[in-house]
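Notes for the structure review
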Amino acid sequence: MIGSIVSAIVIGAIIGALARLIIPGRQSLSIGLTLIVGIVAALIGTLIAALLGIANTRGIDWWEHILQLALAVVGVLLVVQMRAGKAR
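Rules behind the numbers
Residues numbered from 1 in each chain as written. Predicted model: local features only at pLDDT ≥ 70, side-chain atom pairs only at ≥ 80, totals over all residues. Heavy atoms only, no water. Helix = DSSP H or I, 4+ residues; strand = E, 2+ residues; numbered from the N terminus. Buried < 20%, exposed > 50% of the residue type's maximum accessible area, 1.4 Å probe, protein only. Contact = heavy atoms within 4.5 Å. Areas by Shrake-Rupley, 256 points an atom, 1.4 Å probe, with all protein chains shown as cover. pLDDT = per-residue confidence, 0-100.

Here we look at the overall build of the protein
A tally of regular secondary structure across the protein gives three helices and zero strands. In the protein, the succession of α and β elements from N to C terminus is α-α-α. Oriented by its inertia axes, the alpha-carbon framework of the protein measures out at about 45 × 25 × 20 Å. Taking all 88 residues of the protein together, the buried fraction comes to 28%. When contacts within the protein are restricted to residue pairs at least 6 apart in sequence, those whose partners lie at least 24 apart make up 63%. For the protein, the computed accessible surface area is about 6100 Å², with 73% contributed by carbon and sulfur atoms.

Printed below as a string of structure tokens:
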């Protein structure tokens, strides 16, 4: 159980950071918020991959990670847009 939580945090941090690198321009997001978006995207991506039957494959689960990254990009864009709307 502890290993799963640590794994989710590490994967979430990587996924969140990659999502911010993919999006052009600067995002006014803290490291903590990036981590939260990445963790949520990783968990939802894993859930969707499990429902589609692509979560457990031999080797690296590329489709699962691509799905997680896509969700993280959408999540970062949504959070940036929501924060920009509050600032106005």
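From this point, things continue past the structure.
Overview of the confidence of the model for the protein
For the protein, the mean per-residue pLDDT works out to 86, and 97% of the residues sit at or above 70. Least confident of the elements in the protein is helix 1 (residues 2–22), whose mean pLDDT is 86; most confident is helix 2 (residues 31–52), at 90.

Re the environment of T34
Mapped onto the elements of the fold, T34 is located in helix 2. The exposure class assigned to T34 is buried, which follows from its relative accessible area of 7%. On a C-alpha basis, the gap between T34 and L18 in space is 9.9 Å, while along the polypeptide they are 16 residues apart. Setting aside residues up to four positions removed in sequence, T34 forms contacts with G16, A17, R20 and L29.

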